[in-house]
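Below are the chains, spelled out letter by letter.
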Amino acid sequence: MDKMLVRGGKALKGTVHVHGAKNAALPLMAASLLAHEPVTLHNVPCLHDIFSMDKVLSSMGVGIDFTGRSMTLDCTGDIEPFAPYDLVRKMRASFFVLGALLGRFGRAKVSLPGGCAIGTRPVDIHLKGLEQLGAKIEIEDGYVVAEGRMKGANVAMEFPSVGATENLMMAAAVAEGVTRLHNVAREPEIEDLAKMLNAMGAQISGAGTDLITVVGVERLGGVEHVVMPDRIEAGTFLVASVATRGDVLVQNAIADDLPVFLDKLRDAGAEIEVMGNSIRARALNGIKAVDISTRPFPGFATDLQAQMMSLLACANGTSHIKETVFENRFMQAAELIRMGASIDLDGNTAIVRGVDHLSGAPVMASDLRASASLVIAGLMAEKGETAIHRVYHIDRGYERIEERLSALGADIRRVRE
């Protein structure tokens, strides 16, 4: 097992390029199950979660060629609509195959999902929506067993779940009739999925709003599609730049995908400059306290909350961070306290009182974004070495992050435990 060793006190400077979005690529891979011709994805990130989805699809009979950053998925052979527990338990996004399998084959057996321990994240919204589209669903021995021909319907989601929106879009794309999905997620990754499905022959409108209309078609074909940039990776590098009083240009970053986040960085005293599809971030003076409340898009992304907590740990004043999307997503707080942060938790609110500095310490990563927050905290530490254990979490969402931070001047290295 690997760990990362970080020594702080160095301002990050230079240019970093953002890779394709994991949270976009995973549902795009699942959507290939709907195609009667090969699908090729470009700008695919080389991450553990991508490899996990590769294994899930390969186990069903999907032919996959992943070369460089291009992946071709061929679902024209014999596909077994079954996703086993041993594979699905490793990554929650594996559950995205359910909607595509029901749409294409009218039946599926998919294990209930696993993933990071940041809350229960029930799949009820997925299942209720699919039942409204005509699926008969039973839970048997930890598996979702579903069958039925998909038919258009009006579906009102009780919460704008990103995963449920994507599952229902895929199922509805080849359903009989018209489907209207109300109160859906508006994240940019939803728009990316709709863009690819439409290029395959689907008729989807409204992606990016809270009402998506899907006119079902009989058949979807192949496509070549470029995966959108990873807005969370972009935000993480921007926070790291500001936290170290650095000056970093983040390329292949879409400012419109990070509206509230960028405003909060500015409120904290960062200088943000948008230049086309690049964003430059630096902090010439001290960081000021700000209050944050996570919300579904276009609000402040929950996936950037932990990174901001590290930054605000050394802000001037007291910040309040309210987590409204997932419970149990302040697990990084205890580790930041080990490094000298002053953080109190009150239900779903973290009260962060800025301290003069952080110090290196041994810490334990609990989930993907908490891992990134601990790396940032290590870069901020003015003395000592931070040893981050269980960094396999960070490999799920950040490709060779230690090498890319080193190229910006960071003192960070990965070693075998």
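Just so it is clear, the structure is predicted and the values come from calculations on it, not from any experiment.

Peer 1: Explain the nonpolar core to me, please; I cannot follow it from the model alone.
Peer 2: One broad rule of soluble globular proteins: the nonpolar side chains tend to lie buried together. Core analysis: the largest hydrophobic core is formed by 79 residues, its most contacted members being Leu-33, Val-97, Leu-98 and Leu-197. By size, the runner-up hydrophobic cluster in this structure holds 71 residues, among which are Ile-279, Ala-333, Ala-410 and Ile-412.

Peer 1: Would you explain the packing of aromatic side chains in this entry?
Peer 2: Describing an aromatic ring pair means giving the distance of the ring centres and the angle of the ring planes. With the rule as written, the count across this model stands at three aromatic pairs. Between Phe-51 and Phe-66, the ring centres sit 6.3 Å apart and the planes meet at 55°, which makes this aromatic pair tilted. Here Phe-51 is found in helix α2 (residues 48–60), whereas its partner Phe-66 is found in strand β4 (residues 63–67), with 15 residues between them in sequence. By relative accessible area, which is 35% here, Phe-51 ends up partly exposed. For Phe-66, a relative accessible area of 22% corresponds to the partly exposed category.

Peer 1: What's the story with the sheet that holds strand β18 (residues 292–293) in this structure? I'm lost.
Peer 2: Neighbouring strands of a sheet are bound in pairs by backbone hydrogen bonds; such pairs are parallel or else antiparallel. Sheet architecture is open: four strands sit in the order β18-β19-β21-β20, paired in mixed fashion. Strand pairing shows two members of the sheet lacking a second neighbour, β18 and β20 (342–346), which therefore form its edges. Looking at chain direction, β20 and strand β21 (residues 349–353) are connected through five bridges and run antiparallel. Residue pairing across strands places Asp-346 opposite Thr-349, the latter belonging to β21. Each of β18, β19 (318–322), β20 and β21 touches helix α10 (residues 305–312); the most contacted strand, β19, lies at about 170° to it.

Peer 1: I would appreciate a short explanation of the sheet that holds strand β15 (residues 247–251) in the present structure.
Peer 2: Here four strands make up an open sheet; going across it, the order is β2-β15-β17-β16 and the pairing mixed. This sheet does not close on itself; its edge strands, each paired only once, are β2 (13–17) and β16 (271–275). Mean inter-strand twist for the sheet, computed between neighbouring axes without regard to direction, equals 15°. Relative to strand β17 (residues 278–282), β15 runs antiparallel, the two sharing five bridges. Each residue of the ladder has a partner; that of Val-248, found in β17, is Ala-281. Against the sheet, helix α8 (residues 231–243) makes contact with β2, β15 and β17, and its axis sits at roughly 25° relative to β17, the strand it touches most.

Peer 1: What exactly am I supposed to notice about the confidence of the model for the chain here?
Peer 2: Note that predicted coordinates carrying low pLDDT should not be read in detail. Taken as a whole, the chain shows an average pLDDT of 94; of its residues, 98% reach a score of 70 or greater. For residues 115–119, every residue scores under 50 in pLDDT, and the model assigns this stretch 17 contacts once sequence neighbours within four places are set aside.

Peer 1: Can you help me understand the environment of Ser-94 in this one?
Peer 2: Mapped onto the secondary structure, Ser-94 falls in the loop between α3 (85–88) and α4 (97–105). Taking relative accessible area as the criterion, Ser-94 reaches 0% and is therefore assigned buried. Taking the C-alpha atoms as reference, Ser-94 lies 35 Å from Met-380; in sequence the two are 286 residues apart. Those residues in contact with Ser-94, other than ones at most four positions away along the chain, are Met-53, Val-56, Leu-87 and Val-88.

Reading the values: rules and limits
- Residues numbered from 1 in each chain as written.
- Predicted model: local features only at pLDDT ≥ 70, side-chain atom pairs only at ≥ 80, totals over all residues.
- Heavy atoms only, no water.
- Core = buried A, V, L, I, M, F, W, Y, C linked by side-chain atoms within 4.5 Å.
- Buried < 20%, exposed > 50% of the residue type's maximum accessible area, 1.4 Å probe, protein only.
- Phe/Tyr/Trp six-rings, centres within 6.5 Å; stacked < 30°, edge-to-face > 60°.
- Helix = DSSP H or I, 4+ residues; strand = E, 2+ residues; numbered from the N terminus.
- Pairing = 2+ DSSP bridges.
- Contact = heavy atoms within 4.5 Å.
- Axes fitted to C-alpha atoms, helices over the stretch in contact; angles between N-to-C directions.
- pLDDT = per-residue confidence, 0-100.

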